[in-house]
Amino acid sequence: MPRRTHIQTTLNGEEIDFLCEPRQSLLEVLRDELGLTGTKEGCNNGNCGACSVLMDGRVVNSCCVLGVEAEGAEVVTIEGVADGDTLHPLQQCFLEEAALQCGVCTPGFIVAAKALLDSEPDADEGRVRHWLAGNLCRCTGYDKIVRAVLKASEMEEVSA
């Protein structure tokens, strides 16, 4: 049996400890060890963005990051975007603008868009499209997604 490593991290605002094998991706740890299934596996090679999470404020593809790299880091998944039962403005705008269909890509888009709006609250359409270029959607196309992000950028509390 492979040796497991003890990891201490902050996950969605809470300090946690977990054990993982050195070869396990952060995506595997989130889904299989911690039960956080909101982060989706799409390509498992860093090309689709479905597994996007924030790690120390930066968007990363959790399929390309090892779980052991979360040691001491602050990780935010889609489960950490809402405030309890209150949706984040981005989540609400995705619903209002019908910016999702099957939902596989949606968590990654929302996490990536949150990172953009946290750093550039007034991002324009070109910047949104450029920022989200690492996230692929096979169902909706991108116009509704971009509209949802732009609508959210107009809301005061988006970066909260």
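If you're wondering where the values come from, they're calculated on a predicted model, not measured in any experiment.

A.B. asks: Honestly, the domain arrangement of the chain in this entry has me stumped. Any pointers?
C.D. replies: Often the size quoted for an interface is simply the accessible area lost on bringing the parts together. In terms of domain boundaries, the chain breaks down into domain 1 (5-80) and domain 2 (89-159). Summarising the inter-unit geometry, the C-alpha centres of domain 1 and domain 2 are found 21 Å apart. Of the residues lining the interface, 12 residues belong to domain 1; the matching set on domain 2 comes to 14 residues. Here domain 1 meets domain 2 over a buried area of about 1000 Å², counting both sides, of which 68% is carbon and sulfur. Of all residues in domain 1, the largest losses of buried area upon contact with domain 2 belong to C48, L54 and I78, amounting jointly to 40% of the total for that side. Inspection of the region where domain 1 meets domain 2 yields 0 salt bridges. Where domain 1 meets domain 2, there are 2 residue pairs in polar contact (both at pLDDT 80 or more). Ranked by the residues each element gives to the side of domain 1 that touches domain 2, the list is headed by strand 3 (residues 52-55), at 3 residues. Residue composition of the side of domain 1 that touches domain 2, grouped by class: 6 nonpolar, 5 polar and 1 charged.

A.B. asks: So what exactly am I meant to see when it comes to the side chain of T39 here?
C.D. replies: Locating T39 in the fold gives a position in the loop between helix 1 (26-33) and strand 3. Given the relative accessible area of 1%, T39 is considered buried. Each residue touching T39, except ones within four places of it in the same chain, is listed here: L27, L30, R31, A50, C51, V53, S62, T77, I78 and E79.

A.B. asks: How should I be thinking about the state of the cysteines in this particular structure?
C.D. replies: Throughout the structure, instances matching the rule amount to 0 disulfides. For C51, which is in no disulfide, the shortest distance to another cysteine sulfur is to C63 and amounts to 3.7 Å. Residue classification places C51 among the buried residues on the basis of a relative accessible area of 4%. Between C139, a free cysteine, and C102, which holds the nearest cysteine sulfur, the sulfur-to-sulfur gap is 3.7 Å. Take C139: its relative accessible area is 36%, and that puts it in the partly exposed class.

Rules of the game
- Residues numbered from 1 in each chain as written.
- Predicted model: local features only at pLDDT ≥ 70, side-chain atom pairs only at ≥ 80, totals over all residues.
- Heavy atoms only, no water.
- Domains from an automatic or database assignment.
- Contact = heavy atoms within 4.5 Å.
- Buried area = accessible area lost by both parts, 1.4 Å probe.
- Salt bridge = Lys/Arg side-chain N within 4 Å of Asp/Glu carboxyl O.
- Polar contact = N/O pair within 3.5 Å; in protein donor to acceptor, adjacent residues only side chain to side chain.
- Helix = DSSP H or I, 4+ residues; strand = E, 2+ residues; numbered from the N terminus.
- Nonpolar A, V, L, I, M, F, W, Y, C, P; charged D, E, K, R; others polar.
- Buried < 20%, exposed > 50% of the residue type's maximum accessible area, 1.4 Å probe, protein only.
- Disulfide = S-S within 2.5 Å.

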